[in-house]
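# Fold and contact review
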Amino acid sequence: MMPGTCHWRNEFKQNFFGSNLMPANGSDVVLTIREVRPEDLMNTDGQKKHSLVCYWQENALPMVLNKTNCRTISKLLKENDYSKWAGHRIQVFVDHHVKAFGEVVDGLRIRDKLPEDAKIKCEECGKLISAAFGMTISQVAAYTHKKYGRTLCSECAKVVNSKDKKDGKEGATNEA
Ligand SMILES: [Zn+2]
């Protein structure tokens, strides 16, 4: 929450990320997806609503993803499976012209471009590298490049690593 902002919503208990928590200067917020999972949320009428909730690695409230935002993320990551969105970084902004129930309101949207530091591709499979092993995207890229001589995603790094181990083990057996 930005200091000095007196958005009335800040004074009510809030379970999810909203436009009132965005920077007052109107800039985007870059967040790293920790997990996306379906949840039954209670709406104001006390009815359950099946929703997709996105949790962040950063200290920010989770965000309920609507269809528009899901579509943007799946396009950006070229991945429809939301369980594979974890570790990727996205850029959130406020759209001031969202039509809801006959009113124009502020809504959170995902930019249709990735943040600069989230565009690193795996040299093996060509997919975007995600944060993994407790490292950021840039750190995974630097680490795999140093260790394997190629910039790899976590999945390909695991494959190469287990292959190296297997080869090493077999070599040792042959020597014995
Ligand atoms: Zn890969």
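Bear in mind that the values here come from a model prediction, so they are computed numbers and not experimental data.

Domains assigned within the protein are domain 1 (8-115) and domain 2 (120-167). Taking only C-alpha atoms into account, the centre of domain 1 sits 28 Å from that of domain 2. Across the contact, 7 residues belong to domain 1 and 5 residues belong to domain 2. For the side of domain 1 that touches domain 2, the residue count by class is 2 nonpolar, 4 polar and 1 charged.

The next subject is helix 2 (residues 137-148). For helix 2, built from 12 residues, the straight-helix expectation of 16 Å at 1.5 Å per residue is met to within 8% by its first-to-last C-alpha distance of 16 Å. Those residues of helix 2 that sit buried are Ile137, Val140, Ala141 and Thr144. The buried residues of helix 2 occupy one face: seen down the axis, they fall within an arc of 100°.

Once that is clear, we can look at the confidence of the model for the protein. Confidence in the prediction of the protein, expressed as mean pLDDT, is 89, and 93% of residues score 70 or more. Contacts from residues 171-176, a stretch scored under 50 in pLDDT, to residues over four places away or in other chains number 0 contacts.

Parameters and conventions
Residue indices follow the written sequence of each chain, beginning from 1 at its first position. Local features are withheld for residues below a pLDDT of 70 in this predicted model, meaning they are given only at 70 or higher, and side-chain atom pairs are given and counted only at 80 or more; totals for whole chains, interfaces and linings count all residues. Residue ranges assigned to the domains are those given by an automatic or database domain assignment. Distance between backbone-placed C-beta atoms decides contact: two residues are in contact if it is within 7 Å. For this scheme, ten residues count as nonpolar: Ala, Val, Leu, Ile, Met, Phe, Trp, Tyr, Cys and Pro. Four count as charged, namely Asp, Glu, Lys and Arg, and the remainder, Gly too, count as polar. By the criteria applied, helices consist of DSSP H or I runs no shorter than four residues and strands consist of E runs no shorter than two, each listed in order from the N terminus. Take the residue count of a helix, subtract one, and multiply by 1.5 Å to get its expected span. Partly exposed residues are those whose C-beta has more than 12 but fewer than 20 other C-beta atoms within 10 Å; with 20 or more the residue is buried, with 12 or fewer it is exposed, and the C-beta atoms are placed from the backbone. Summarising the geometry, the arc corresponds to the directions from the helix axis toward the C-beta atoms. On a range of 0 to 100, pLDDT expresses the predictor's confidence in each residue.

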